[in-house]
Amino acid sequence: MYNTLTRQKEEFKPREPGKVAMYVCGPTTYNFIHLGNARPIVVFDTVRRYLKYKGFDVRYVQNFTDIDDKIINRAREEQDDPLKLAARYVDEYYKDADALHVLRADIHPKVSGHITEIIEMVKTLIEKGYAYVVDGNVYYDVRKFAAYGKLSGRALEDMQAGARVDVDERKRDPMDFALWKSAKPGEPAWDSPWGMGRPGWHIECSAMALKYLGVGFDIHGGGFDLVFPHHENEIAQSEAATGHPFARYWMHNGFITVNQEKMSKSLGNFFLVREILSRFPPEVVRFYLLGTHYRSPLDFDDEKLSAAARGMERIKNSIRLLEEALAGRDEGAASRPDPALAARLDELRGEFEKAMDDDFNTALAIGVMFDLAREINGCLARQDFPNKAEKTAALQKARDLFRDFNSVLGVFKTGADGDIQLDEEGEEDQSLVEELIGLIIEVRQEARKKKDWSTADHIRDRLKEMGIVLEDTPSGVRWKKQG
RNA sequence: GGCGACAUAGCCAAGUGGUAAGGCAGAGGACUGCAAAUCCUUUAUUCCCCGGUUCAAAUCCGGGUGUCGCCUCCA
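## Concerning the overall build of chain A
Inference 1: Scanning chain A from N- to C-terminus turns up 14 helices and 15 strands.
Inference 2: For the C-alpha atoms alone, the extent of chain A along its principal axes is close to 90 × 50 × 35 Å.
Inference 3: Residue burial in chain A is summarised as follows: out of 483 residues, 51% are buried.
Inference 4: Put simply, of all contacts in chain A between residues at least 6 apart along the chain, 75% involve residues at least 24 apart.
Inference 5: Carbon and sulfur atoms make up 49% of the accessible area of chain A, which totals about 22,500 Å².
Inference 6: Charge separation in chain A, taken as the distance between the mean sites of 69 positive and 81 negative side-chain charges, equals 2 Å.

Following this line, the structure appears as structure tokens:
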């Protein structure tokens with residue numbers, strides 16, 4: 001995996017064999033998440049899934065920042081309590097993340113629940129001489145930490161602090177940052193040795209990551225814009241406080257852009273996940289996010305999502321065809337799979353793993369999934385399998401492969417057993433819909449028998465308008481909901 | 001001013017020394033009452049430009065052009 005710390009790809013060697021401890025910076029909950037927020041969530045969810053696929057025991061922590069200036073400001077605007085507002089948007093976060101098939105982290109810590117740990121850490125930093133107190137504020141003294149800048153690759157001398165924002169004159173160095181902020185009236189505040197106040201932005205992640213994962217944990221992830229100052233500061237605090245390396249591998253995802261410009265809340269060019277999901281299925285959004293390598297920028301517009309949807313449809317069709325071929329056929333269970341196809345399937349699994357092993361190249365991995373689809377479609381189209389049982393067994397193996405690919409990419413809905421479920425309605429209505437469509441198809445078939453094409457086409461066209469696509473095949477009529 | 005990233009067909013996008021994956025869109029063929037789906041074939045003598053290294057470069061080096069990002073909250 002590519003490690004921002006060393007600026008190169010490295011073989012992943014966990015702190016403890018077989019185990020991975022991973023921390024990802026989660027959202028500040030003062031609004032619904034936008035697509036730019038969704039990228040790291042989906043990307044690191046996929047990283048986690050793949051490590052799990054590879055057999056690692058993964059401990060995954062993602063925080064919520066529920067104390068922050070933006071939350072306080074927003075709460076003031078809405079005349080709401082900051083903590084309540086933050087809690088509300090945590091709930092909303094889960095709705096979007098669940099829709100995108102993002103698995104829950106093992107631990108989702110919140111800043112508000114870790115004030116004690118944060119205060120302890122700040123105390124340690126003061127005791128060790130890395131921090132100083134001014135008027136109830138505690139600042140980190142960046143000049144004391146020799147390695148400051150090692151993650152972002154910059155030197156203190158090169159940075160123009162204050163070039164775009166006023167410098168607090170009370171700081172010893174313009175780059176010093178707040179570990180603890182004294183509270184203004186009406187702000188959420190906690191008692192501390194330095195008076196009533198609240199944590200600075202960076203200290204929370206250090207405190208929570210160290211609490212749940214310990215020093216020298218394996219992977220720390222987040223968006224590229226967090227490299228500086230957030231992650232740089234996390235390193236400075238944590239390594240100064242513990243005297244040990246903070247995290248081993250730093251992973252950063254690239255930005256989502258709109259018209260080649262970074263999508264961000266401050267630019268106002270963001271699209272809420274909520275809004276996009278009203279126009280596109282969540283599976284398509286996830287598929288689209290994983291269609292580009294995580295470190296590359298990804299430009300967003302509806303046209304690109306539509307193209308992703310059409311591409312995904314191709315894979316879905318293949319899975320449908322496969323399920324159809326397998327329906328009611330279990331003679332393969334006892335047989336060995338057709339050797340040629342089985343070998344090809346093994347090869348594809350190898351390609352998939354090779355892609356993911358190379359810095360989580362999901363774009364390539366999706367390409368392998370397309371190759372698998374073509375392989376299956378071709379196999380189904382050909383009639384040159386002398387041994388039906390062997391063919392069936394191989395197809396079952398192919399189904400397993402789809403399931404395993406999806407266990408990593410998470411682009412299709414799954415049942416409790418991990419099997420892919422297309423067109424899953426989740427309602428009893430589904431059976432009624434099936435019966436009704438079955439009836440309509442029956443009527444249309446009568447018309448077709450009489451070569452009454454205008455009636456047959458009319459029915460097909462009207463159903464299409466309703467989102468039901470009919471396919472006449474030599475073996476009968478097939479229907480599906482439009483993807 | 002400092003630091004960094006990217007530039008591959010109409011579009012999206014893999015590919016870090018060995019002779020251009022995959023998807024969308026397009027073209028032709030098979031199948032079909034017509035469609036759809038699927039299969040087969042086809043679409044970049046070439047990877048922003050100019051030099052250099054090498055038997056060999058989209059891939060390495062130097063220069064240039066363009067786009068973007070970080071240095072402030074931001075995923």
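## With respect to unusual backbone geometry
Inference 1: In the segment running from phenylalanine 228 into proline 229, the intervening peptide bond is cis, with an omega of 0 degrees.
Inference 2: Tracing the chain through its elements places proline 229 in helix α6 (residues 227–242).
Inference 3: In this structure, aspartate 135 is a non-glycine residue whose phi angle is positive, near 50 degrees.
Inference 4: For aspartate 135, the position within the fold is in the loop between β5 (131–134) and β6 (137–140).
Inference 5: On the accessibility criterion, aspartate 135 (58% relative accessible area) is exposed.
Inference 6: The backbone phi angle of lysine 451 is positive, close to 55 degrees, even though this residue is not glycine.
Inference 7: In this structure lysine 451 comes out as exposed when scored by relative accessible area, which is 60%.

## Some words on the nonpolar core
Inference 1: Of all hydrophobic cores here, the largest spans 81 residues; its most connected members are Met22, Leu35, Leu51, Ile219, Leu289, Phe360 and Phe402.
Inference 2: Those residues in contact with leucine 51 that lie beyond four places of it in its chain are Phe12, Val20, Met22, Phe56, Val58, Ile219 and Phe360.
Inference 3: Ile107, Ile119, Ile235 and Ala240 belong to the second-largest nonpolar core, a separate cluster that totals 47 residues.

## Digging into the packing of helix α1 (residues 35–53) against helix α12 (residues 388–409)
Inference 1: α12 packs onto α1 with a crossing angle of 135 degrees between their chain directions and a minimal axis gap of 7 Å. Classified by the angle between their axes, α1 and α12 sit oblique to one another. The segment α1 lies against α12, with Thr46, Arg49, Tyr50 and Tyr53 engaging Asp404, Asn406, Ser407, Val408 and Leu409.
Inference 2: Looking at side-chain class alone, the contact of α1 with α12 contains four nonpolar, three polar and two charged residues.

## As for the sheet that holds strand β7 (residues 177–182)
Inference 1: On the basis of which strands lie adjacent, the open sheet formed by four strands has the order β5-β6-β7-β8 and antiparallel pairing. Two strands bound the open sheet, and with one partner strand each, they are β5 and β8 (197–199). Strand after strand, the sheet turns through a mean of 20 degrees between neighbouring axes, direction not considered.
Inference 2: For β7 and β8, the ladder comprises three bridges, and the chain directions are antiparallel. Paired with serine 182 across the two strands is glycine 197, which belongs to β8.

## Some words on the confidence of the model for chain A
Inference 1: Residues at a pLDDT of 70 or more form 96% of chain A, whose mean pLDDT is 91.
Inference 2: Element-level pLDDT for chain A is lowest in strand β12 (residues 261–262), with a mean of 84, against a maximum mean of 98 in strand β4 (residues 57–62).
Inference 3: Both scores are available for the predicted complex, with the pTM at 0.93 and the ipTM at 0.94.

## Quick word on the pattern of salt bridges
Inference 1: Counting across every chain of the model gives 53 salt bridges.
Inference 2: Between aspartate 69 and lysine 181 there is a salt bridge, with its nearest N and O atoms 3.3 Å apart. Here lysine 181 lies in strand β7 and aspartate 69 lies in helix α2 (residues 69–78), a separation of 112 residues in the sequence.
Inference 3: On the accessibility criterion, aspartate 69 (33% relative accessible area) is partly exposed.
Inference 4: A salt bridge links lysine 413 to glutamate 283, with the nearest nitrogen and oxygen atoms 3.8 Å apart.

## Focus: the environment of glutamate 275
Inference 1: Examined against the element boundaries, glutamate 275 turns out to sit in helix α7 (residues 273–277).
Inference 2: Separated by 241 residues in the primary sequence, glutamate 275 and histidine 34 place their C-alpha atoms 8.8 Å from one another.

## Some details on the packing of aromatic side chains
Inference 1: All chains considered together, the criterion is met by 19 aromatic pairs.
Inference 2: Taking 5.2 Å as the distance between ring centres and 85 degrees as the angle between the ring planes, the aromatic pair formed by phenylalanine 217 and phenylalanine 246 counts as edge-to-face. Here phenylalanine 217 is found in strand β9 (residues 217–223), whereas its partner phenylalanine 246 is found in the loop between α6 and β10 (247–253), with 29 residues between them in sequence.
Inference 3: For phenylalanine 217, a relative accessible area of 0% gives the class buried.

## Considering the sheet that holds β9
Inference 1: Reading across the sheet, the four strands line up as β4-β3-β9-β10 and stay open at both edges, with parallel pairing between neighbours. Across the chains shown, the open sheet's two edge strands, defined by having one partner strand only, are β4 and β10. Shown here is a sheet whose adjacent strand axes are inclined to one another by a mean of 20 degrees, direction ignored.
Inference 2: Together, β3 (19–24), β4, β9 and β10 form the strand contacts of α1, whose direction differs from that of β4 by roughly 165 degrees.

## A word on the packing of α1 against helix α10 (residues 339–357)
Inference 1: Where α1 contacts α10, the two axes come as close as 11 Å, and the packing angle between them is 130 degrees. With respect to α10, the axis of α1 lies oblique. At the point where α1 passes α10, the crossing takes the left-handed sense. Counting all contacts with α1, which are made through Thr46, Tyr50 and Tyr53, the residues of α10 involved are Arg349, Glu353, Met356 and Asp357.
Inference 2: The residue makeup of the contact of α1 with α10, split by class, is three nonpolar, one polar and three charged.

About the cut-offs
Counting restarts for each chain, with residues numbered from 1 along the sequence as it is written. In the order they appear in the text, chains get letters beginning with A and ligands get numbers beginning with 1. The predicted nature of this model means local features are confined to residues of pLDDT at least 70 and side-chain atom pairs, given and counted, to a pLDDT of 80 or more, with totals for whole chains, interfaces and linings taken over all residues. By convention in this description, side-chain values take in all heavy atoms of the structure and omit both hydrogens and water. Every helix listed is a DSSP run of H or I at least four residues long, and every strand listed is a run of E at least two residues long, numbered separately from the N terminus. Burial here depends on accessible area, computed with a 1.4 Å probe over protein chains only, as a share of the maximum for the residue type. Under 20% is buried, over 50% is exposed, and the range in between is partly exposed. Throughout, a residue-residue contact means that at least one pair of heavy atoms, one from each residue, lies within 4.5 Å. The accessible surface values rely on the Shrake-Rupley method and a 1.4 Å probe; as for residues, cover is taken only from the protein chains in view. Positive residues here are Lys and Arg, negative ones are Asp and Glu, while His and the chain termini are left out of the count. Working definition for charges: the position is that of NZ of Lys, CZ of Arg, CG of Asp or CD of Glu. Here, nonpolar core refers to any group of buried Ala, Val, Leu, Ile, Met, Phe, Trp, Tyr and Cys residues whose side-chain atoms link them within 4.5 Å. Axis lines are fitted through C-alpha atoms, for helices just across the contact stretch, and the angle between N-to-C directions can take any value from 0 to 180 degrees. Every angle not falling under 35 degrees, over 145, or within 65 to 115 is termed oblique; those three ranges are roughly parallel, roughly antiparallel and roughly perpendicular. Each residue gets one label: Ala, Val, Leu, Ile, Met, Phe, Trp, Tyr, Cys and Pro are nonpolar, Asp, Glu, Lys and Arg are charged, and the others, such as Gly, are polar. Any two strands with at least two DSSP-identified bridges between them are counted as paired. Each residue carries a pLDDT score, the predictor's own confidence in it, on a scale running from 0 to 100. In what follows, salt bridge is the name for a side-chain nitrogen of Lys or Arg lying within 4 Å of a carboxyl oxygen of Asp or Glu. Here a Phe, Tyr or Trp ring, Trp counted by its six-membered ring, pairs with any other such ring whose centre lies within 6.5 Å, and the pair is stacked when the planes are under 30 degrees apart, edge-to-face when over 60, and tilted otherwise. Two helices that cross are described as forming a left-handed crossing if the nearer one is turned anticlockwise from the farther one by less than a right angle, and a right-handed crossing if clockwise.

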